[in-house]
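Residues per chain are reported as follows:
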Amino acid sequence: MAILNILNYPDPRLHTIAKPIEVVDKSINKLIDDMAETMYSAPGIGLAATQVDRHLQLILIDISETKDSLKIFINPKIIESSGQQVYEEGCLSVPDVFESVTRAERVKVQALDREGESFELAVDGLLAICIQHEMDHLLGKVFVEYLSPLKRYRIKTKIKKRTKERFIKS
Ligand code: K1U
Ligand code: ZN
């Protein structure tokens, strides 16, 4: 397994639209294993292939405390959604930024598993938030795009300042 590089906002590659996975083969299973290792080591509770510069419709999520409930969604589609909830979201591609986003409270997702078998899952709460957040990545959308232009400008300035400071120190 390998730890992959996570793209940082505002990297333009984060705006790439992911392609469907045609065949769930060994290379996709290797990508799943590498993404899982990357997500757990970050640490994060979700990761989309877009964030590791692989523009395929694949997301991983594990919201458990024990980190032993990995959920894999290949070519995910939201087939039902209802309600609203607000949550202070984070993103491994936007380190140290947490902002409130409104999303559906419940979603039903259809996807393929790592064997290429189709399944459906109805979820709510944090898992529903995470699925919507990760599926946005596959559409090239980062959660800060739900914020006002002023907030987004401030976040970009903060990230640029931090990158400059790190460059000077190194
Ligand atoms: O997409 C990502 O970058 C992963 C992101 C998922 C997410 C978190 C919160 C709301 C919506 C989506 C993260 O994992 S950010 C890190 C984080 O929230 C976390 C990390 C360790 C323990 C608990 C939470
Ligand atoms: Zn994210």
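First, a word on what this report is: a plain description of the structure on this page. (Residues numbered from 1 in each chain as written. Chains lettered and ligands numbered in written order. Predicted model: local features only at pLDDT ≥ 70, side-chain atom pairs only at ≥ 80, totals over all residues. Heavy atoms only, no water.)

## Regarding the overall build of the chain
Quick reminder of the rule: Numbered from the N terminus, helices here are DSSP runs of H or I no shorter than four residues, and strands are runs of E no shorter than two. We take the radius of gyration over the C-alpha atoms and set the globule estimate at 2.2 Å times the residue count to the 0.38 power. Think of it in three bands: residues with accessible area under 20% of the maximum for their type are buried, residues over 50% are exposed, and the middle band is partly exposed, with areas taken using a 1.4 Å probe on protein chains only. Accessibility throughout is a Shrake-Rupley quantity obtained with a 1.4 Å probe, and a residue counts as covered only by protein chains that appear here. Counted as positive: Lys and Arg. Counted as negative: Asp and Glu. His and the chain ends are not counted at all. Charge placement uses NZ in Lys and CZ in Arg. For Asp and Glu, CG and CD serve respectively.
Counting its regular elements, the chain contains three helices and seven strands. Relative to its length of 170 residues, the chain is compact, with a C-alpha radius of gyration of 16 Å against a globular reference of 15 Å. C-alpha extents for the chain along the principal axes are approximately 50 × 40 × 30 Å. Residues classed as buried in the chain amount to 45% of the 170 residues present. With an accessible surface of roughly 9500 Å², the chain has 54% of that area assigned to carbon and sulfur atoms. Taking the average location of the 24 positive side-chain charges in the chain and that of its 25 negative ones, the two points are 10 Å from each other.

## A look at the coordination of the zinc ion (ligand 2)
Basically, it comes down to this: Only N, O and S atoms count as donors, using a 2.8 Å cut-off from the metal and 3.2 Å for Na, K and Ca, and because water is excluded some sites may appear unfinished.
At this site the zinc ion (ligand 2) is bound by C91 (SG), H133 (NE2) and H137 (NE2), with donor distances of 2.1 to 2.3 Å. Read from N- to C-terminus, the donor residues coordinating the zinc ion (ligand 2) fall into the pattern C-x41-H-x3-H. Pair noted here: C91 is in the loop between β4 (85–89) and β5 (99–103) and H133 is in helix α2 (residues 125–138), with a separation of 42 residues, a long-range link.

## A few points about the pattern of salt bridges
Stated precisely, the cut-off is as follows: Throughout this description, the term salt bridge denotes a Lys or Arg side-chain nitrogen within 4 Å of a carboxyl oxygen of Asp or Glu.
By the definition in use, this model includes 10 salt bridges. Two residues, D11 and R13, come together in a salt bridge whose shortest N-O distance is 2.8 Å. The partner of E80 in a salt bridge is K108, with the nearest N and O atoms 3.6 Å apart. Of this pair, E80 sits in strand β3 (residues 71–82) while K108 sits in strand β6 (residues 106–112), placing them 28 residues apart in sequence.

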